[in-house]
Amino acid sequence: MFWWRNDPVLNEFHEHWHTVMEKVDDDPRDRGGENFIYTHRQFLARYEADRLCVGMEKVVALPDYVTPISDAFYPHPYLVQDWRGEKVHFTARPANQTFHDIVKITDGEFKIYTVSGLEEGRKSLLEWVDGGTNDLHPIPLKFVDSDAPVLGHDLEVNLHNDGHELLANIMHPYTVGYPPSVLVGARAGLRDPVFWRWHRHLDNIFLRWQNYLGPSDFHHDAPNVTIRTTDIIISFTDVLLKIYPDGQNDEWNEFGKNTFGGSNFDVNFTNSPIVTNEFHTKMKYRKYVWREDKSDEENISYLFPRDWHYFLRVTNDVDVILIITFRIFIVPEVFADSQVHWIELDKFKKIIQPFEKAVIVREADKSIIIRKPAQKNESQFDESQIFPEIKKEMQDKLTKQALSEKLFCHCGWPYHMILPRGTKGKGTKFKLMVFISDGTNDMVPFHDQCGSTELCGGEKWSDKIPDSRPLGYPFNRPFKNGSYEKTFKGLHNVAIRDITIIWKDDDFSEF
Ligand SMILES: [Cu+2]
């Protein structure tokens, strides 16, 4: 997973996200704690899907704060940090280190972090999650969706931050004179396997609370539409362009209607040569310059997807205009009964006419989760490196709010990692779900915006998260009897289909 954890654009996004979302005194961004949990859960879901594809087990959550940490971590030799006016390496961590107390000294002040303090923090948190109260948590949680930001915020600023301090300084308990490890912050934290074990530990606490909420009843929320499994039609863009070169100008609506709608609306296109039942990926190579470090050069490999379009057929079953929101997710088939492993691919809103049999076209690279415009070639990837420059330039001049607004447009999941890699040969089996919800009040934007409004929130500091439903909906609550099939069975506004992801690598040159 080296290529995955060390992808520079992915790491840049993670740091970028934290900068955009950073709390300002007592003015946190709308639902910031909930977004913290959700974004990191999506990171984990994607990491674990790719681990599966290379034959690895799921991430093992750190079990407690006494067991030695088996993972060793040696940071990339070209990676450095600014530390006391110098560029120095991050501290490495040999295998089997154990948590211990640290004394941290910054600007003449010192702070002590203890292992027993971390354990007490965890116990207090669990008591709260289980419905109790204590000194640290005097107001009981209400076990309603709207408490997600409260719990998420508490988890982030206490247990999460303290754990990072202890882990980042595990090699040097007395931090004077010793730089921390990558786990000190968001710039390079993803690179260490322990980042993932720590975040799974935290996510499990949030999941424990979500399980108390019980399963959702989606019948209450279903708009009067029908989507069938065969209505999820996927085509590769390069295949489409061969038969319909006009599509280049984004004129896909006519094409979609003529091809999959009208008298063809009930036709099953599964075996049509212009549609695919597979997603394809490949590994590409590029030169990378460590500009924020010491400008060393390196050839790195990165994942890339074959561009695709969705054509989603949906029937408006009633005599009124409907505003609906499409929510698209994928999950490795073997993880499908785990609510935390569903990966969000996109979310968007459409209007459909009374009794319309509509064909909705959506390009993968318009996805609301990714940074836009999608970065597809080397020069576009390198643009992401303007981030440190903007950061330096603006830090002194602007408030954090203004900074986050400037940075918003560059924030989002990297398009090149929109899919897990899959496997060669027959590929890896996934489920793809299209869930349609009533879009009247959810605030999902109609038009494409620059950054990821899904992961990075609204454009302005004061903006509400552009979805009134809990983040991750409909996967924010446990499944009925632990089964995704039972949970979504019989809902006419939901369709789930099989899709295989095949890592094509060098035997495919079209994309
Ligand atoms: Cu983070």
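All values derive from a computational prediction rather than experimental measurement.

Q: Could you give an account of the overall build of the protein, with specific residues and numbers?
A: When helices and strands are tallied, the protein shows 12 helices and 14 strands. What you see for the protein is a C-alpha radius of gyration of 23 Å, in line with the 24 Å of a compact globule of 511 residues. A principal-axis box enclosing the C-alpha atoms of the protein has dimensions of 75 × 55 × 45 Å. Taken across its 511 residues, the protein has 58% of its residues classed as buried. Considering only intrachain contacts with a sequence separation of at least 6, the fraction spanning at least 24 residues in the protein is 78%. In the form shown here, the protein has an accessible surface area of approximately 21,500 Å², with 50% of it arising from carbon and sulfur atoms. Mean positive and mean negative side-chain charge positions of the protein (61 and 77 charges, respectively) differ by 3 Å.

Q: Lay out the sheet that holds strand β11 (residues 343–352) in plain terms, naming residues and giving numbers.
A: Spatially, the six strands line up as an open sheet ordered β8-β7-β14-β13-β10-β11, and their pairing is mixed. Both outer strands of the open sheet, β8 (297–305) and β11, are each paired with one neighbouring strand and no more. Ignoring strand direction, the axes of neighbouring strands in this sheet form an average angle of 30°. Bridging between strand β7 (residues 278–289) and strand β14 (residues 494–503) involves four bridges; their strand directions are parallel. In the strand pairing of β14, histidine 280 is matched with isoleucine 502. Contacts between helix α3 (residues 32–53) and the sheet are confined to β10 (322–332), β11 and β13 (428–438), with β11 contributing the most and set at about 120° to the helix.

Q: So what about the domain arrangement of the protein? Which residues, and what values?
A: For the protein, the domain assignment lists domain 1 (61–213) and domain 2 (218–287 + 295–503). Each of domain 1 and domain 2 has a C-alpha centre, and the two are 32 Å apart. Summed over both sides, the interface of domain 1 with domain 2 buries roughly 920 Å², with 46% coming from carbon and sulfur. Its largest share of buried area at the contact with domain 2, domain 1 owes to Tyr78, Asp145 and Gln210, together 48% of the area lost on that side. Run the count over domain 1 and domain 2 and you get one salt bridge. The shortest N-O distance in the salt bridge between arginine 477 and aspartate 145 comes to 3.1 Å. Residues of the side of domain 1 that touches domain 2, tallied by class, amount to three nonpolar, three polar and three charged.

Q: Kindly report on the packing of aromatic side chains, identifying the contributing residues and their values.
A: Within this structure, the stated rule accounts for 39 aromatic pairs. Arranged with centres 5.9 Å apart and planes meeting at 80°, the rings of tryptophan 308 and tyrosine 310 form a pair that is edge-to-face. The same class applies to tryptophan 308 and to tyrosine 310, which are both buried. Taken together through their ring pairs, the aromatic side chains of Phe218, Phe329, Trp342, Phe435, Tyr473, Phe475, Phe479, Tyr484 and Phe488 make up a single cluster. Stacked on the ring of tyrosine 302, the Lys or Arg arginine 286 has its end atom at 5.6 Å from the ring centre. Its guanidinium or amino end placed over the ring of phenylalanine 265, arginine 313 lies 5.5 Å from that ring's centre, counting from NZ or CZ.

Q: Lay out the nonpolar core in plain terms, naming residues and giving numbers.
A: Membership of the largest hydrophobic core comes to 122 residues, with the highest contact counts inside it found for Trp308, Leu432 and Phe488. Three or more residues apiece are contributed to this core by two domains, here domain 1 (61–213) and domain 2 (218–287 + 295–503). Not counting residues up to four positions away in its chain, the partners in contact with tryptophan 308 are Ile234, Ser235, Phe236, Thr237, Phe279, Leu345, Glu363, Ala364, Ile418 and Leu419. Membership of the second largest hydrophobic core comes to 12 residues, among which are Phe260, Phe269, Val275 and Val361.

Q: Tell me about the pattern of salt bridges, residues and numbers included.
A: Under the defined criterion, the tally for this structure stands at 33 salt bridges. As a salt-bridge pair, lysine 431 and aspartate 498 come within 2.4 Å of each other at their nearest N and O atoms. Within this pair, whereas lysine 431 is found in strand β13, its partner aspartate 498 is found in strand β14, the two being separated by 67 residues in sequence. If you follow the salt bridges from partner to partner, you end up with Asp221, Arg327, Lys347, Lys349, Asp442, Glu454, Asp467 and Arg469 in one network.

Q: I'd love a proper account of the coordination of the copper ion, names of residues and values included.
A: The protein atoms that coordinate the copper ion are His14 (NE2), His18 (NE2) and His40 (NE2), at distances spanning 2.0 Å. Spacing between the donor residues of the copper ion along the chain follows H-x3-H-x21-H. Note that histidine 14 is positioned in helix α2 (residues 8–21) and histidine 40 in helix α3, a separation of 26 residues in sequence.

Q: Outline the packing of α3 against helix α6 (residues 193–213), supporting the account with residue identities and numerical values.
A: The N-to-C vectors of α3 and α6 enclose an angle of 120°; their axes lie 10 Å apart at closest approach. In terms of orientation, α3 lies oblique with respect to α6. Between α3 and α6 lies a crossing of left-handed hand. Touching Phe36, Ile37, His40, Arg41, Phe43, Leu44, Tyr47 and Glu48 of α3 are Phe195, Trp196, His199, Arg200, Asp203, Phe206, Leu207 and Gln210, all from α6.

Reading the values: rules and limits
Residues numbered from 1 in each chain as written. Predicted model: local features only at pLDDT ≥ 70, side-chain atom pairs only at ≥ 80, totals over all residues. Heavy atoms only, no water. Helix = DSSP H or I, 4+ residues; strand = E, 2+ residues; numbered from the N terminus. Rg over C-alpha atoms; globule rule 2.2 N^0.38 Å. Buried < 20%, exposed > 50% of the residue type's maximum accessible area, 1.4 Å probe, protein only. Contact = heavy atoms within 4.5 Å. Areas by Shrake-Rupley, 256 points an atom, 1.4 Å probe, with all protein chains shown as cover. Lys, Arg positive; Asp, Glu negative; His and termini not counted. Charge placed at Lys NZ, Arg CZ, Asp CG, Glu CD. Pairing = 2+ DSSP bridges. Axes fitted to C-alpha atoms, helices over the stretch in contact; angles between N-to-C directions. Domains from an automatic or database assignment. Buried area = accessible area lost by both parts, 1.4 Å probe. Salt bridge = Lys/Arg side-chain N within 4 Å of Asp/Glu carboxyl O. Nonpolar A, V, L, I, M, F, W, Y, C, P; charged D, E, K, R; others polar. Phe/Tyr/Trp six-rings, centres within 6.5 Å; stacked < 30°, edge-to-face > 60°. Lys NZ or Arg CZ within 6 Å of the ring centre and 35° of its normal. Core = buried A, V, L, I, M, F, W, Y, C linked by side-chain atoms within 4.5 Å. Donors = N, O, S within 2.8 Å, 3.2 Å for Na, K, Ca; no water. Parallel < 35°, antiparallel > 145°, perpendicular 65-115°, else oblique. Left-handed = near helix turned anticlockwise from the far one by under 90°.

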